[in-house]
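# Results of the structural survey
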Amino acid sequence: MKKVIIMGATSGLGRALAERYIKAGWNVGAAGRNEKALAELTALAPDQVVTAKIDILSDDAPAELRQLISLCGGMDTYLHCSGVAMLNEELSLDTELKICETNAVGFTRMCETAYHYFETSREPGRLVAISSIAGFRGLEMLPAYSASKAYDSVLLEALRQRADGRNLPLRVVDIKPGWTRTPLLADDKHYMLEMDAETVADLIFKASLKAKRSVVIGLRWKLITSLERLVPSCIWQKIHIPIWK
C-alpha cells in the first residue's frame, strides 16, 4: 500500500484528509499535537495508521518527522496541513509573530525536511502543502496571514524548481483553498464566499493525488484570484475587502 504522512492530521482539513486516505486504502502516518485525536485516528484503522505527536514549532520536529517516516516504512506523499489563522484587527504584534512562526518558520522546517527525504531517496513522490487564496495579494485585515501564505507558495515554487534541476521524480503541489468552515475560522464570523469543509476536503484529496503544480480550490475563487492578479498595486491599495462580517 502507498504511504502518506499528514502533518496537522488532528483537526480540520488535516483530519478530514486523513480519513479519506484511510478509506482509499493508504497507510497513513498521522502527526499533530493532540494525542487524543491521534488515538481516535488509530482506532479508525489500527492496521493502516501510525501516529506521532509532533509540534512543528519545536527544534526536534525534523527528527521526529524522519522517525515517523521510518516507522511507516517510507513515504510516497507528504501532506502539510498545519497552519494557523487568527483574528487580529488590533494588529497585535505578538499575534502577528505567532502566525509567522507557524505558517512560515514551521512550514519551512517541515516541508524542507520532507523535501530532503525525497531528494536523498530519489524515490517517486509528492510533496503537497495547503497554503491559501489569501497569499495572492496583501490583505489589510490579515497582514501576517496573507504574507505567510504568499511565503509558503514561493517556498514551494523554489522547491519545485530545485527538484526539476536535480531531475527528481517529485511533484511539489501547492493547494490554495478559499475560506473554509473549519476550527481555524472564528465561530461568530461569516467569511467571504465561505465553503463547506467536507466539500473542500473532497476537492483537496483529489488535487493531492493528481495536481501537478498549483491549484485553487473553489470555482468562484479561481475566477476571483485570476482577476486579483491583474489589479495594479496602486489600485489594489484602494480596494478594501470585507473578509468577514
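It should be noted that the structure appears before, not after, this text.
Here's a quick rundown of the structure.

The rules behind each value
- Residues numbered from 1 in each chain as written.
- Predicted model: local features only at pLDDT ≥ 70, side-chain atom pairs only at ≥ 80, totals over all residues.
- Heavy atoms only, no water.
- Helix = DSSP H or I, 4+ residues; strand = E, 2+ residues; numbered from the N terminus.
- Rg over C-alpha atoms; globule rule 2.2 N^0.38 Å.
- Contact = heavy atoms within 4.5 Å.
- Areas by Shrake-Rupley, 256 points an atom, 1.4 Å probe, with all protein chains shown as cover.
- Lys, Arg positive; Asp, Glu negative; His and termini not counted.
- Charge placed at Lys NZ, Arg CZ, Asp CG, Glu CD.
- Buried < 20%, exposed > 50% of the residue type's maximum accessible area, 1.4 Å probe, protein only.
- Phe/Tyr/Trp six-rings, centres within 6.5 Å; stacked < 30°, edge-to-face > 60°.
- Lys NZ or Arg CZ within 6 Å of the ring centre and 35° of its normal.
- Pairing = 2+ DSSP bridges.
- Axes fitted to C-alpha atoms, helices over the stretch in contact; angles between N-to-C directions.
- Salt bridge = Lys/Arg side-chain N within 4 Å of Asp/Glu carboxyl O.
- 1 Å grid on protein atoms, 1.4 Å probe; cavity = no way out; pocket = protein on both sides within 12 Å on 5 of 7 lines; lining within 4 Å.
- Points joined across faces, edges and corners; volume = space filled by probe spheres on them.
- Nonpolar A, V, L, I, M, F, W, Y, C, P; charged D, E, K, R; others polar.

## As for the overall build of the chain
Summing up its helical and strand segments, the chain has 8 helices and 7 strands in all. For 245 residues, the compact-globule formula gives about 18 Å, and the C-alpha radius of gyration of the chain, at 18 Å, lands near that figure. Each principal axis of the C-alpha atoms in the chain carries an extent, and together these give about 55 × 40 × 35 Å. Taking the intrachain contacts of the chain between residues at least 6 apart in sequence as the baseline, contacts between residues at least 24 apart amount to 67%. If you sum the accessible surface of the chain, you get close to 12200 Å²; carbon and sulfur atoms cover 53% of it. A gap of 8 Å separates the mean positions of the 31 positive and 29 negative side-chain charges of the chain.

## Considerations on the side chain of Asn27
Its location among the elements puts Asn27 in strand β2 (residues 27-32). The class for Asn27 is buried, based on a relative accessible area of 18%. Setting aside its immediate chain neighbours within four residues, Asn27 contacts Met1, Lys2, Lys3, Val4, Asp47 and Gln48.

## Focus: the packing of aromatic side chains
Tallied over the entire structure, the rule returns 4 aromatic pairs. Taken together, the ring pairs connect Tyr21, Trp26 and Phe205 into an aromatic cluster. Lying across the ring of Phe136, Lys176 places its NZ or CZ 4.9 Å from the centre.

## Regarding the sheet that holds strand β3 (residues 49-53)
Overall, parallel pairing links the 7 strands, which are arranged β3-β2-β1-β4-β5-β6-β7 in an open sheet. For this open sheet the edge positions go to β3 and β7 (214-217), each flanked by a neighbour on one side alone. Averaged over neighbouring strand pairs, the angle between their axes works out to 15 degrees when direction is ignored. One ladder, built from 4 bridges, connects strand β1 (residues 3-7) with strand β4 (residues 77-80); its direction is parallel. Bridged to Ile5 within β4 is Tyr78. Each of β1, β2, β3, β4 and β5 (125-130) is contacted by helix α1 (residues 12-23), which is oriented at about 170 degrees to β1, the strand it contacts most.

## Topic: the pattern of salt bridges
All chains considered together, the criterion is met by 10 salt bridges. Across the pair Glu198 and Arg20 runs a salt bridge whose closest N-O atoms are separated by 2.7 Å. Here Glu198 is found in helix α6 (residues 197-210), whereas its partner Arg20 is found in helix α1, with 178 residues between them in sequence. A relative accessible area of 14% places Arg20 in the buried class. The residue Lys176 makes a salt bridge to Asp174 at a minimum N-O spacing of 2.8 Å.

## Details of the layout of surface pockets
The computed volume of the largest pocket comes to approximately 750 Å³. Cys81, Ser82, Gly83, Val84 and Leu184 are, among the 35 residues lining the largest pocket, the residues nearest its centre. Elements with a minimum of two residues in the lining of the largest pocket: α1, α4 (93-121) and α5 (143-165). Here the lining of the largest pocket takes 3 residues from α1, the largest share from any one element. Of the residues in the lining of the largest pocket, the class split is 16 nonpolar, 16 polar and 3 charged. When its volume is computed, the second largest pocket comes out at roughly 170 Å³. Of all the elements, helix α7 (residues 219-228) adds the most residues to the lining of the second largest pocket, at 3 residues. When grouped by side-chain class, the residues that make up the lining of the second largest pocket number 12 nonpolar, no polar and 1 charged.

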